[in-house]
Each structure stands twice: as C-alpha cells, then as structure tokens.
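Remarks on the overall topology
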Amino acid sequence: SNANISGYGALLSGVSALRSAFAKLQDSSTIAPGTVQSTDTASFLATATSGTNAAPGFHQVLVKAVAKAQSDISGAFGDGTSTVNGGSPFDLVITPNSGAAKTLNLAANSTVNDVISAINSAGIGLTASLVNTGAANTPYQIVITANKTGVASGFSITDSSGALGITPVTPPQDASLNIDGIDMTR
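Everything quoted here is computed from the prediction, not taken from an experiment. (Residues numbered from 1 in each chain as written. Predicted model: local features only at pLDDT ≥ 70, side-chain atom pairs only at ≥ 80, totals over all residues. Heavy atoms only, no water.)

**Here we look at the sheet that holds strand S7 (residues 155–159)**
The strands that make up a sheet pair up through hydrogen bonds in the backbone, lying either parallel or antiparallel. For clarity, the cut-off: Strands pair, by our definition, only if DSSP identifies at least two bridges between them. Counting from the N terminus, the helices are DSSP H or I runs at least four residues long and the strands are E runs at least two residues long. To obtain each axis, a line is fitted to C-alpha atoms, and for helices this fit is confined to the stretch in contact; angles are then taken between N-to-C directions over 0 to 180 degrees. Any pair of residues with heavy atoms lying within 4.5 Å of one another is described as a contacting pair.
Pairing in this open sheet of three strands is antiparallel, and the strands run S4-S3-S7 from one edge to the other. Edge strands, defined here as strands with exactly one partner in the open sheet, are strand S4 (102–106) and S7. Here the strands of the sheet are splayed against their neighbours by 15 degrees on average, with no regard to which way each runs. In this structure, strand S3 (residues 90–96) lies alongside S4, joined through five bridges in antiparallel fashion. Bridge pairing in S4 links isoleucine 94 to lysine 102. In the packing of helix H3 (residues 112–121) onto the sheet, the strands contacted are S3 and S4, and the crossing angle to S4 comes to about 150 degrees.

Here it is in structure tokens:
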C-alpha cells in the first residue's frame, strides 16, 4: 500500500509539472518572440529587443533626415611630420556641445602627427586622422570627426595660433523622423 501511495504521489507530481509546462505554451510571447520587419531596409533598420513588452502592430516610419556626425578639416600640410605653427607651442581648445572645454597644450616643434595623437588621446569623443587629398605640393589634411552622430555630439575647436586652419565640413545633425504621424528627433 505504501509503495502504491508513493507511486501515485510521484505520478501526481509529474502530471503537475506537465500541466505547468503546457500552461507556458499557451502564452505566445514565450514561444514566438517579437520580430521587426521593414519594407525598406536601405532607409530604416529596426531590431527587436528581448525582454521588452512592445505591443505588436504596424507602424509607418518616414525618415526626413539622417543623423550626422560633425566633421572639421585642417589646412594643408606636406606630410604627417610637418612642423605646425613654425615650431612655436600653441593650444587647441576643444569644446563639446554637451560638455566642458578641454585645452590641449602642444609643445614647441609639434608635428601634424603630434596634433592627431593629442586629439585622439584626449578622451573627448573625437577621432583625428590624416588624409591624403592628392594635391600636388601639400596633400595632407587633418580630419576631425565626432565619434557619435547628432547635435549633442558636435564640437568647436579654437586654435590659439591659427596655424591649423580648421574649418567645418559637416555640421552635426539629429535624425528627423515621423512615426505614425508624430514628428520626432533623435
């Protein structure tokens, strides 16, 4: 009798576990996670994030303008080893649109490569690189680009000597969207 009772208890426990498993199958969110599709993936890409409770539906998204990262360019130099500011020391003051200004002190005889290294190691969300424009005598220019897109990631640069001749190329821009008739920026 005791063995029969133990057997029935084990059977009841197994049936209870099976019932719990079947109950989870009735919840479609546990067996069919959300997906996102776009009819124009060249213009708009969306991804489903696990663990969110987004409501299923169809949404119209109109991209009016894509977000852009700011980009500035220097004057022309012979190469990366060219001395800047006639060998005299100078300062670069970089002011992010959403942060405090940072002053980079460049020593006497700083080269174009030294300026690039100083900007890249400053930790201010900018990347500087040397590009060859193909011009005949002085083909190299420094391109300084924000690491993130949007107006908040924009910056201004003040060169105490004016030797770099930095000019804006691409202004920062936020994305402009219309989702289901609602205008928004990101």
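So, next bit.
**Quick notes on a nonpolar patch on the surface**
To be explicit about the condition: Like charges are joined within 9 Å and nonpolar side chains (Val, Leu, Ile, Met, Phe, Trp, Tyr) within 5 Å, but only among residues with over 30% relative accessible area and no salt bridge; these make up the patches. All accessible-area figures derive from a Shrake-Rupley calculation using a 1.4 Å probe, and residue coverage is judged against the displayed protein chains alone. Each reported salt bridge corresponds to a side-chain nitrogen of Lys or Arg within 4 Å of a carboxyl oxygen of Asp or Glu.
The grouping of Tyr8, Leu11 and Val15 at the surface amounts to a nonpolar patch, some 340 Å² of accessible area in total. If you trace the backbone, valine 15 turns up in helix H1 (residues 2–25).

**Overview of the pairing of strand S6 (residues 140–146)**
Note the following rule: Per-residue accessibility, obtained with a 1.4 Å probe over protein chains only, is compared with the maximum for each type, and a residue is labelled buried under 20%, exposed over 50%, and partly exposed between these values.
Most of S6 sits out of view: five of its seven residues are buried. Pairing of strand S2 (residues 71–77) with S6, which is carried by five bridges, proceeds in the antiparallel orientation. Its bridge partner being in S6, serine 71 is matched across the sheet by threonine 145. Note that strand S5 (residues 126–132) and S6 share seven bridges and pair antiparallel. Considered in S6, the bridge of threonine 127 is made with threonine 145.

**Considering the environment of alanine 76**
With respect to the helices and strands, alanine 76 occurs in strand S2. Classification of alanine 76 as partly exposed rests on a relative accessible area of 40%. A C-alpha to C-alpha distance of 17 Å links alanine 76 and asparagine 109, two positions 33 residues apart in sequence. Setting aside residues up to four positions removed in sequence, alanine 76 forms contacts with Thr138, Tyr140 and Gln141.

**Some details on the nonpolar core**
Heads up, the condition is: Throughout, nonpolar core names a set of buried Ala, Val, Leu, Ile, Met, Phe, Trp, Tyr and Cys residues whose side chains join them through atoms within 4.5 Å.
Counting residues in hydrophobic clusters, the biggest one holds 22 residues, and the most contacted among them are Leu92, Val115, Ile119, Leu126, Ile142, Ile144 and Leu164. Those elements that provide at least two residues to this core are S3, S4, H3, S5, S6 and S7. In terms of residue count, H3 provides more of this core than any other element does, five residues in total. Filtering out sequence-adjacent residues up to four positions away, isoleucine 119 remains in contact with Leu92, Ile94, Leu104, Leu126, Ala128 and Ile144.

**Here we look at the pairing of strand S10 (residues 182–185)**
Sheet topology places strand S9 (residues 176–179) next to S10; four bridges connect them, and they run antiparallel. Within S10, the position partnered with asparagine 178 by the bridge is aspartate 183. Between S9 and S10, which follow one another and run antiparallel, lie two residues, and aspartate 180 among them has a positive phi close to 55 degrees.

**Some thoughts on the environment of serine 98**
Operational definition: Think of a polar contact as two N or O atoms within 3.5 Å of one another; within protein, one of them needs to be a possible hydrogen donor and the other a possible acceptor, and neighboring residues in sequence only count if both atoms come from side chains.
The topology assignment puts serine 98 in the loop between S3 and S4. For serine 98, a relative accessible area of 55% translates into the label exposed. Put simply, serine 98 and alanine 48 are 50 residues apart on the chain and 30 Å apart in space, counted from C-alpha to C-alpha. A polar atom in the side chain of serine 98 sits 2.8 Å from the backbone oxygen of alanine 152.

Shape is all these values report; function is a separate question.
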